[in-house]
Every structure is written in structure tokens, then in C-alpha cells.
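Summary of the model geometry
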Amino acid sequence: YNRENFLYDRNLRRRKEFQVQKFRVEQAELWRTDVRDLISLTEYKMHVYLLVNVLLLGITVALWCQGKLPHTTPVWLMTGNALSMAGSFSFILLSIWMAMHAAVSAQAFETRLLTQMVRLPIPSWQEVEACRTYASEFERLDAKQMFRIPFAMGKQESWVPPDSGVEGEETPSTRSRRLLAETHVDPWGLEGTGSNVPELGARMGHGMHKYRHVKLARQAMAFWQSYDAFARICMSIGVNQLLNAASYFILAYYMTEAKVPSSATYGVVVLTTMAETLNRLDMSLNWWQLRLMQLFLYLGPAIATMAGWAWVEDGWELTAEALVVCAFLANALYLLTVNTLCHMQLEHNGAMLPVVFRSVLYLDVFGWSSQARYHREMSPRVSTPMTTESSPMGGISARGPAALATTKPASAMVQHSLGRPLPRRPELAAAPADLQEAPGAPDVGEHGDNPVTGFSEFYKAEGWLSTTNDIPDEDDIVSGCEHQGAIKLPRQTFSCAMNLLCLAWIIAAFYFAFVISKATLVQKHAFFERTRPGLRDRHFPSLGLMEEERLATEDLLRVSWPHENVLPQAFACDAAGRQFVVSDGLSLFSAQLQTPLEPKAPLIAKFSEAAIPCLPGESLVDATVRCSDTATADRCEALVLHRSGRRLSSCHLGNGTTSRADDQGREISDAWLEELRSPGAGADRAPHARVEKAVSLTSQAQCTGDNCILLGTSRGRLVRLGLSPSSKLTPTHAVLDRDPHESEYWEPGSVRAVGADHVAVLAQNGTRLHIHSNDGRLAGHLVLSEAAQGFCASGQHLYFLDMGPSPKIWRLRMPQMDL
């Protein structure tokens, strides 16, 4: 009877153990699915980030390369647009790089965990063999168990020998572990409990995050969570800078090209509000942090819009540039505020995350269970299902090399020691299923892989290569993603990029502040050195009398050009100083001097391109203008020197944009110009035979006719022209003869008449003005603080044209010349 009971129970045990092994495999498969789900959360997010970032990067490149600003856009608008586009491109590219790294790292660690740490517990031969029982094993039982009389001698389990341990020699924890290991679950005292098998039971509650596979995955997340978080943050900053660049683009197009500042204002308000809305969605801020961020976010575009309004108004250019300095500083302060708010928080797995951004709140799905467990531990303890960690065995199996020593696993399952049976489990006969016991494996204990003490060998870079001889020691690595680098590098890279962009905005602000200070504080001035009366030698002028002429604020004219980068070659004005003419060698520009309505506001000169039908497609050497007493545009004419200085034509100026032809075009004789060599056979037909050319043209005030025209040559000679019998203009007499000690050549526009009695020559690269009387006597020098491209003279003032493209015009009071 007892033998049949024994064999029946052992048969049920075998069927149960096979079912347990099936449950263990299914549970392990669920764990592997958990690992895939945990890590695929990052992979799917990175795929979304990459797709969005590529689209944003394409928009940025298209707006940067193809969205060209109008040529009339001021420099400060171009600078703001360029800085915003550069910031957007940099952060979106940085987001792509971090997203790729996070995706690759997550996929790599997922593969490593699934192939080495979270394996299926497929039973080995020893485990399967340990599940069977031989009938002869009944003979190894205790005699009382074999010969128990049913009903008369009580239950079978009452004949199992009791525990022989001494309670006083053991601690409570040691005793609980020993009792669990020695607790039998069958009447014969041979089957150990399986409550410590980790694959059994679908545990729920606060202990879920304590599962071994969950802890392994969360430890590995430290190597890509920071990249995940900052990929999203960089994308947010890139979108913000893209919207800021679009705002500057709208200002440039609608302000300078379409001249509709109200439409530009509406567009900037919409784009800035969109940027503020995205910040509200991305960041978790308290009241004062939100208000501070909103202040700097709105302040930059608002001040830039005010600068645009000032720019379209006449006479407010300096005010616009001053406002731009504040706008650029506001943009820098916004970036500095965002960078400061990204304070880092150390997570349980060692990852440092900027918790102010809401996107990092969705990185760890077990964060809630961790907090729930913390609050549960702080509250009164409630009876909960036993988990692996709460069991006396602590989830540690008794596997080891000793389990493989027996060659008969089935016989080893029925053993007695000191007269009492030893409860055993088939899992004790199995070898380890993965590398959890290997040297350097990750520790899943309560304080395993503490980020303060470092990570285990399982997570180190050396473990990814079969040979590590050429890998430098981790203490010598200063870049890359080694250990703490994977945690700190994303934050350091993000902060460095933010600081560089912030520094670029600050440098731009200081640059325009310097430009404004140079335009307002550093005034142009000139010194007039008058020649002492009685001293006739013009090579040694006296400096006994000196007058200083300084440029006042109202003496800087407000000049506007029909298009950017106009590079003037000649500059002239009429005797009254009301009509200006400028030539760049190909086109002729004219403007009338206008007086503003505001007191002490600068005079206005708006140049427009004049159509010259009298000179179709010809290059212009120099030009001057003379007007009648009424000095209206219809009564003024432009005298143009063209055809390499061999012809003089007159064109009547119309309304500032057109001119009509005149029949008084005259040829200029070149027989009096110096030649390269002595005349000989065919010398007059040789190319470049003459080295002296007519390059400068001027007309004296209060004089009409051809005898009022003065012509200057490249060799420094100034002659008065008259009409010859052959209908050519020829020199009547020399006003200034070439100085044999002077090696400087004259340029177009370097000679202008000063009133009716004097002429002036711009020399020494535009820094000195020599003033001569009509008889050639030197009256004095005007020394300029800055070089001028050209000049002209009216009754009371001297007008000077600055160097460079689209220059400004400034004027000085005419010095007194008592001769």
C-alpha cells in the first residue's frame, strides 16, 4: 500500500514538474518581451525624432539658401536672420546626432541583454532526468515510512523526522532561509518548495520594478536616456530658432521690400506666440520661471519689430540700430534662461535628466511603481503577495557546480541525511541558463551598479570587442561616451552649443553698439591750414594760422540709394548745393537736397537712377551738374565726361528719374596730352600711346558757356576749356600745372570748383584737400579725419562722400580764405 502511494505521488510530481518547466519558459518569454517593450520605447521615439528633424533640417536649409533676403535689407536684419538660421541648423543637426546615438545604443544593449542575461530556462537533461523516480527509490525511505499501517499509525507526513537545527545558534533571517530551503511539500519529505523559483507567478504591485530583467534594462537605460532627453530638447531649441529666423525674414521682406510694417508685425506676433506655445508644451515651469521665459522670448522679436518700424521712417536709422542691440541681447538672455532652467536630476540608474522638460517624464515606465513603493514603505505595512525580493531566499537559486557532480539526477532527488529526508528541486541539477553568475555580470541587488561607485563590466565599452589591447584606460579618456561620459556628455554638448549661440548674439549686439557709437560719438572733423599771405612758395605752406571745422550731428545727411552696394566713382553738386549727381562708371544717379520738417533733423538726399538717352551704353568717367538760379530739377543739366575723356555731353535732368538728350555734345582735343614716346610712324595709332588722360570735370559757379568748364588730367594738370574753330574743346590756358615733385595721379572726381574764384583737389588718398585760387596760388589745406571718395562745394558748405558701397554724405562749413 505504501509503495503504491509513493509511486503514485512521484508520478504526479513528474507531471507537475514538467508543467512548471513549461510555465517557466513562458514566463521568461514574457520577460524577454518586456525588455523589448522597454527598449523599443526609445527606438520608436528616436525614429519619430529623426523623421521630424530631417523635415525641419530641409526647411532650414531651404530657407537659408533659397529664401534670399531682398538686396535692400539692412545689415542688422541680415545678421539676426543669419544667427537664427545658424542656431536652428546647429541644434536640429545636434538633435539628429543624439537621436541616432540613442537608437543605436538602445538596440545594442537590447541585443546584449537578450542574448546573454535574459534567456529562456529550457530544461537541461539533468533537470528532465531529475523529474523521474525509480521504483527502487522506495527502498531508500525510512523504515517507519515504508511500514506505516494506514489509519492506525496516523498520516504519512507525521513520520517525517523534524528539523534538528538549534534555534539559539541562528539569526532569524538565517533560520527563515534554512526553513524555506528545507521545507517539504509532499508527505514523504522529499520535494522542496518552488516558491523561490523566479519564473513562477505573475507578480503585480510595487515589486514589479524589482524584477531582475527590469533592473537590467533600467541600468542599461543610463547609457542612452540622456541622449534621448537632449535630442528632444535640441529639437525644441532648433524649432524656436527657426521661428525666430522666420520672424526676421518677414521683417526683412515686408519692411524693406514691400514697405508694409503692419503686415510684418502681424507675422512676427503669430510666430512668436507659436514659439511661446511650444515652450509651454515642452517645459514644466513655476510662475516666475514661466514669466521670465516669456519676457525674454517676446522681448527680442518685439524690439526687432520696433527697429523695423523705425527703419522705414526717415531719419531714424540710428534709432533702429540702437534698438537692434537690445533685441540681440534679449535673444541671448532667452537662450541663457533656457540653459539655466535645464537643471539636472540624478535618477536611480545614474542617468542625469533635465526634469524641467516634460519629454523626459516619459523615459521610464517604472518610475510610477518606484514612487509607489517608496510611499508604500512610508505608510503602514499591508499584506501583499510575496515577491522574489521579499521571500527569505531573496530570489537567489542554489545552483552551482556541485549540482552537476552527480551522474544520476533521479537518484539524487531521494536522499536522507542523519535519518531525515532532504527536500530537493529539479532546478538544483541544472547548470546556469545565462551569464548572471559570470565575473563582471551586473548586480541586480538593492544597491547594484550604483552610479557613484561605477558600473559593472557588463556595461563597459571593452565588453563589445574581443580584444581590448588598444583601448586606452578609462581614466585617460576625456571625450566620447565612456561610463560617466554617456551621462554627462549630452548635457555638456547642449550647454556648449547654447553658450556659443548666446555668445554669438552678444557679439552681434556689441558690434552694432560699436557701429552706433562710431556714428554718433566719433564725429568727423577737418583742420584748415591757411597759407600765410606773402608766402608764394606752395611747396612749403605756413602753419601759422589754423582753423578747425568739426562735424555736427545735423551735418550728416540721410542718404538713400535705389539699391544696395552702389559704388560711386564721381560726386558733384551745383553751386547752390541743392542738386547732387553721382556716377558709378556705368549709371548716373541724381538727388535733390530736401529739408526735413523736424528741427535739427538731418537733410535728406534720395538718389534715383537717371535715364540718360544722350549716352546709351557708354562708360562714364566723371560728371558735374549746373543749374539756373531757380535750381529746380527741370532747369539743371548734367555735364558728363565719357569715351575715355575724349567727349563732353550735356543732359538735362528731369524729375530725378529721367533726363533728355542735348545736342551740345563736344569732342575734346587730345593733342595737348602727354604721350608715352616721341611721335613716329604709326605711333599715334599705337594702343595705349598716351599716359595722360582727362579724368576730372568741373564747372565754375556764376559762369555760363563752354569757357566755364575746367578739365583735370591724370598727371595733375588743370586747364580751362574753350571752343576751337574746329568745334572741339581745347585748353585755353592752364589753371594748375603739373608739379614735377608730385607723383600722385588724379582720380575721377578729384577736382571741383569752389565758388567762382577757387578750385580744390582731393589728394593723398582722400585725406587732404588742396585749395587753389584761379591763378594757381595755394590758399590752404583742409585735412580730413577720414578719407573721402569724392567732394563738391556749394556757396556755404563742402560736401564729402564716404568710402565704400552705398556711402553717406557729410558736410563742413566753408572755411574763410582771405587772400
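Rules behind the numbers
Residues numbered from 1 in each chain as written. Predicted model: local features only at pLDDT ≥ 70, side-chain atom pairs only at ≥ 80, totals over all residues. Heavy atoms only, no water. Pairing = 2+ DSSP bridges. Helix = DSSP H or I, 4+ residues; strand = E, 2+ residues; numbered from the N terminus. Axes fitted to C-alpha atoms, helices over the stretch in contact; angles between N-to-C directions. Buried < 20%, exposed > 50% of the residue type's maximum accessible area, 1.4 Å probe, protein only. Parallel < 35°, antiparallel > 145°, perpendicular 65-115°, else oblique. Left-handed = near helix turned anticlockwise from the far one by under 90°. Contact = heavy atoms within 4.5 Å. Nonpolar A, V, L, I, M, F, W, Y, C, P; charged D, E, K, R; others polar. Expected span 1.5 Å × (residues − 1). pLDDT = per-residue confidence, 0-100. Core = buried A, V, L, I, M, F, W, Y, C linked by side-chain atoms within 4.5 Å. Salt bridge = Lys/Arg side-chain N within 4 Å of Asp/Glu carboxyl O. Phe/Tyr/Trp six-rings, centres within 6.5 Å; stacked < 30°, edge-to-face > 60°. Arc of directions from axis to C-beta.

1. Structural notes on the sheet that holds strand E26 (residues 788-793)
Across the sheet, 3 strands lie side by side as E26-E27-E28; this open sheet has antiparallel pairing. Every interior strand has two partners, whereas the edge strands, E26 and strand E28 (809-813), have only one. Strand-to-strand twist in this sheet, taken as the mean axis angle between neighbours without regard to direction, amounts to 25°. Note that E26 and strand E27 (residues 797-802) share 5 bridges and pair antiparallel. Within E27, the residue paired with phenylalanine 791 across the bridge is phenylalanine 800.

2. A closer look at the pairing of strand E23 (residues 758-763)
A regular strand places its side chains so that they alternate between the two faces of the sheet. Of all 6 residues that make up E23, 6 are buried, and the element is covered over most of its length. Residue alternation in E23 divides its side chains into two sets, His758, Ala760 and Leu762 and Val759, Val761 and Ala763, and both sets are buried. Bridge analysis of strand E22 (residues 751-754) against E23 gives 4 bridges, and the strand direction is antiparallel. Paired with valine 751 across the two strands is valine 761, which belongs to E23. Counting the residues in the hairpin turn of E22 and E23 gives 3 residues, including glycine 755, whose phi is positive at 70°. One ladder, built from 6 bridges, connects E23 with strand E24 (residues 768-773); its direction is antiparallel. Bridge assignment links valine 759 to a residue of E24, and that residue is histidine 772. Connecting the antiparallel pair E23 and E24 is a turn made up of 4 residues, with glutamine 764 showing a positive phi of about 50°.

3. Focus: the packing of helix H7 (residues 225-257) against helix H9 (residues 287-312)
H9 packs onto H7 with a crossing angle of 10° between their chain directions and a minimal axis gap of 10 Å. Classed by the angle they form, the pair H7 and H9 counts as roughly parallel. Crossing handedness for the pair H7 and H9: right-handed. Contacts between H7 and H9 involve Asn240, Asn244, Tyr248, Leu251, Met255 and Thr256 from the first element and Leu297, Pro301, Ala304, Thr305, Gly308, Trp309, Trp311 and Val312 from the second. When grouped by side-chain class, the residues that make up the contact of H7 with H9 number 9 nonpolar, 5 polar and no charged.

4. Structural notes on H7
In an α-helix, one turn spans 3.6 residues, which is why side chains three or four residues apart end up on the same side. For H7, which comprises 33 residues, the first-to-last C-alpha distance of 47 Å matches the rise-based estimate of 48 Å (1.5 Å per residue) to within 8%. Across the 33 residues that make up H7, a large majority, 29, are buried. One or two residues past the end of H7 sits lysine 259, with phi positive at roughly 60°.

5. Let's talk about the confidence of the model for the chain
Should pLDDT be low for a region, the predicted coordinates there are not to be read in detail. Across the chain, the average pLDDT comes to 76, with 69% of residues at 70 or higher. Predicted confidence for residues 372-406 stays below pLDDT 50, and this span has 37 contacts to residues more than four positions away or in other chains. A low-confidence stretch, residues 681-686 (pLDDT under 50), is modelled with 4 contacts involving residues beyond four sequence positions or located in other chains.

6. Some remarks on the nonpolar core
Within the largest apolar cluster, 88 residues are counted, with the highest numbers of intra-cluster contacts made by Leu113, Trp224, Phe328, Phe494 and Trp505. Only helix H1 (2-65), helix H2 (75-117), helix H6 (212-221), H7, helix H8 (261-282), H9, helix H10 (317-341) and helix H13 (485-520) provide two or more residues apiece to this core. Excluding residues within four positions of it along the chain, tryptophan 224 makes contact with Ile39, Thr42, Ala102, Ser105, Ala106 and Phe109. Residues Val582, Phe589, Phe607 and Ile809 belong to the second largest nonpolar core, which totals 18 residues.

7. Topic: the pattern of salt bridges
A full pass over the atoms with the stated rule returns 13 salt bridges. In this structure, glutamate 29 engages arginine 36 in a salt bridge whose closest nitrogen and oxygen atoms are separated by 4.0 Å. The salt bridge involving arginine 647 is made with glutamate 667; its shortest N-O contact spans 2.8 Å. Here glutamate 667 lies in strand E17 (residues 666-668) and arginine 647 lies in strand E15 (residues 647-653), a separation of 20 residues in the sequence. Residue arginine 647 is classed as buried on the basis of its relative accessible area of 18%.

8. Some thoughts on the packing of aromatic side chains
Under the defined criterion, the tally for this structure stands at 21 aromatic pairs. Here the aromatic rings of tryptophan 31 and tyrosine 211 are separated by 5.8 Å at their centres, their planes lie at 50°, and the arrangement is tilted. With tryptophan 31 in helix H1 and tyrosine 211 in the loop between helix H5 (172-182) and H6, this pair connects stretches of sequence that are 180 residues apart. Pair check on accessibility: tryptophan 31 and tyrosine 211 agree, each one buried. Seen in terms of ring centroids, phenylalanine 91 and phenylalanine 494 are 6.0 Å apart; in terms of plane orientation they differ by 70°. Their pairing is edge-to-face. Of this pair, phenylalanine 91 sits in helix H2 while phenylalanine 494 sits in helix H13, and the two are 403 residues apart along the sequence. A single burial state applies to phenylalanine 91 and to phenylalanine 494, both of which are buried. Put simply, the rings of Tyr248, Phe328, Trp505, Tyr511 and Phe512 touch in pairs and so form one group of aromatic residues.

9. Describing H8
Here H8 is 22 residues long and its end C-alpha atoms lie 32 Å apart, about the 32 Å a rise of 1.5 Å per residue gives. Buried residues of H8: Pro261, Ala264, Gly267, Val268, Leu271, Thr272, Ala275, Glu276, Asn279 and Asp282, and no others. In a view along the axis of H8, the buried residues occupy a sector of 165°, so they form one face of it. Opposite the packed face of H8, turned more than 90 degrees from it, sit the exposed residues Tyr266, Val270 and Leu281. Elements that come into contact with the buried residues of H8 comprise H7, H9 and H10.

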